[in-house]
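# Secondary and tertiary structure notes
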Amino acid sequence: MAKDAITGARTRFGNQRSHALNANRRSWKPNLQKVTVKINGDAAKTVYLTARTLRTGLKNGSIERV
């Protein structure tokens, strides 16, 4: 199972509740993208990042796409 290289986001599990409060197991998967980036000016490497982490990192300058 892949995870975000910066935040560590992974698949989360919980219950899907019906109107009658019946419980069924379900999962929430992060929007992982395989990208080649420089993180904080280090050498370029291919990592998995969530779309949100990638967007935020590009905006604040801590991540640079290669």
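Under an unreviewed UniProt entry, the chain has the name Large ribosomal subunit protein bL28 and belongs to Oenococcus oeni. Listed under Sequence similarities (unreviewed entry) in UniProt, the entry text for the chain is "Belongs to the bacterial ribosomal protein bL28 family."

## A look at the overall build of the chain
Helix and strand content of the chain: one helix and five strands. Ordering the α and β elements of the chain from the N terminus gives β-β-β-β-α-β. Principal axes of the C-alpha set define a box for the chain whose edges measure 50 × 25 × 15 Å. Within the chain, the proportion of its 66 residues that are buried is 20%.

## Some thoughts on helix 1 (residues 51–60)
Among the residues of helix 1, Thr53, Leu54 and Gly57 are the ones counted as buried. Angular distribution of buried residues about the axis of helix 1 spans 100 degrees; they occupy a single face of the element. Pointing more than 90 degrees away from the buried face of helix 1 are the exposed residues Arg52, Arg55 and Lys59. Positive backbone phi, at 90 degrees, marks Gly61, one or two positions downstream of helix 1.

## Examining the environment of Ser27
Within the secondary structure, Ser27 is located in strand 2 (residues 23–28). Assessed through its relative accessible area of 29%, Ser27 is described here as partly exposed. For the pair Ser27 and Arg17, spaced 10 residues apart in sequence, the C-alpha to C-alpha distance is 13 Å.

## Side note on the side chain of Thr53
Secondary-structure assignment places Thr53 in helix 1. Relative accessible area serves as the criterion here: at 12%, Thr53 is assigned to the buried category. If we ignore the near neighbours within four places in the chain, the residues touching Thr53 are Asp4, Ile6, Thr7 and Ile63.

## Here's the deal with the nonpolar core
Soluble globular proteins: nonpolar side chains tend toward being buried together. Of all hydrophobic cores here, the largest spans seven residues; its members are Val35, Val37, Ile39, Val47, Leu49, Leu54 and Ile63. The element that contributes the greatest number of residues to this core is strand 3 (residues 32–39), accounting for three residues. Aside from chain neighbours lying at most four places away, what touches Ile63 is Ile6, Val37, Lys38, Leu49, Thr53, Leu54, Gly57 and Leu58.

Parameters at a glance
- Residues numbered from 1 in each chain as written.
- Predicted model: local features only at pLDDT ≥ 70, side-chain atom pairs only at ≥ 80, totals over all residues.
- Heavy atoms only, no water.
- UniProt positions renumbered as here; feature names shortened; annotations may be inferred.
- Helix = DSSP H or I, 4+ residues; strand = E, 2+ residues; numbered from the N terminus.
- Buried < 20%, exposed > 50% of the residue type's maximum accessible area, 1.4 Å probe, protein only.
- Arc of directions from axis to C-beta.
- Contact = heavy atoms within 4.5 Å.
- Core = buried A, V, L, I, M, F, W, Y, C linked by side-chain atoms within 4.5 Å.

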